[in-house]
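Examination of the molecular architecture
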Amino acid sequence: MTGLVDSHCHLDDSKFDVDREQVIERALAAGVERMMAIGTGDGPPDLETAVRQADRYPFIYATIGVHPHDAAKASSDTFARLRALAAHPKVLAIGEIGLDYHYDFSPRDVQRQVFAAQLEIAGESGKPIVIHTREAWDDTLAVLREKWRGAGIMHCFTGDEQQARQALDLGFHLSFGGVLTFPRAEAVRQAARITPIDQLLVETDCPYLAPVPHRGKRNEPAFVVETVRRLAEIRGCTPSEIAAATTANFDRLCRPGI
Ligand SMILES: [Zn+2]
Ligand SMILES: [Zn+2]
């Protein structure tokens, strides 16, 4: 396979410290031409974990943002810094931002405030957003409907057909990862079946959620090919068609004007 994009990877994760160079080499060898490194890291004050990766390689791009887990660490300094970083030429999106009521690492009202503040920054920047939402679907949609008029990605989409339609109606792209390959994820596969080809993206979310047959191991960008293969099966087309469409979608969404 060639011409793939991993739209969501945590290349800064310490699980890659021993062999990050080889991980990136394997991605290129597997046909992954571009990667979007997610810059949430361990939260503020460090907002540049992905920018540092992007500065080292021409084919790695970055996001910036405060993950809902880390919302309680955000301050006015954080938002000022995010505003400045949003202008970095390799920062393609603001994320992953959103709401996570599964762990509740930060209080829910703080999560909502920090989410809203980052939507404002994203709006000013003109760049799309990458949404993380877990056990907070209705609140996430409510915030987006009220405060967001731009484009975005529902990352690691694991909802059902109805939720997919809600996000698609808002104009969002759905990004599918390893979960799509899990035996019991039939509802997610149904969501992938009904997603218009021009709103489809693929990702690994590595080092988490490795697709079958690597399930349970450390995930890495090269494994995005497994998700692409499965998407092709589900949709009755070829892996190259999925690769071409998801890469074109990524470029249109995140690299307009290229
Ligand atoms: Zn996430
Ligand atoms: Zn992530």
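Anything mentioned here points back to the structure above.
Throughout what follows, the structure given in this document is the object of discussion. (Residues numbered from 1 in each chain as written. Chains lettered and ligands numbered in written order. Predicted model: local features only at pLDDT ≥ 70, side-chain atom pairs only at ≥ 80, totals over all residues. Heavy atoms only, no water.)

Moving on, we get to the overall build of the protein chain. Counting its regular elements, the protein chain contains nine helices and eight strands. Overall size of the protein chain, expressed as C-alpha extent along the three principal axes, is 45 × 40 × 35 Å. Here the protein chain holds 258 residues, and 58% of them are scored as buried. Across the protein chain, every contact between residues at least 6 apart in sequence was considered, and the portion connecting residues at least 24 apart equals 73%. Taking the average location of the 29 positive side-chain charges in the protein chain and that of its 36 negative ones, the two points are 2 Å from each other. (Helix = DSSP H or I, 4+ residues; strand = E, 2+ residues; numbered from the N terminus. Buried < 20%, exposed > 50% of the residue type's maximum accessible area, 1.4 Å probe, protein only. Contact = heavy atoms within 4.5 Å. Lys, Arg positive; Asp, Glu negative; His and termini not counted. Charge placed at Lys NZ, Arg CZ, Asp CG, Glu CD.)

Here the focus is the layout of surface pockets. Looking at the largest pocket, its volume works out to about 890 Å³. Lining the largest pocket are 30 residues, and of these His67, Glu96, His132, His155 and Asp205 sit closest to its centre. Counting only elements with at least two residues in the lining of the largest pocket, the list comes to β4 (91–100) and β5 (129–134). Of all the elements, β5 adds the most residues to the lining of the largest pocket, at four residues. Its residues placed into classes, the lining of the largest pocket shows nine nonpolar, 12 polar and nine charged. (1 Å grid on protein atoms, 1.4 Å probe; cavity = no way out; pocket = protein on both sides within 12 Å on 5 of 7 lines; lining within 4 Å. Points joined across faces, edges and corners; volume = space filled by probe spheres on them. Nonpolar A, V, L, I, M, F, W, Y, C, P; charged D, E, K, R; others polar.)

Coordinates in, geometry out; function isn't part of it.
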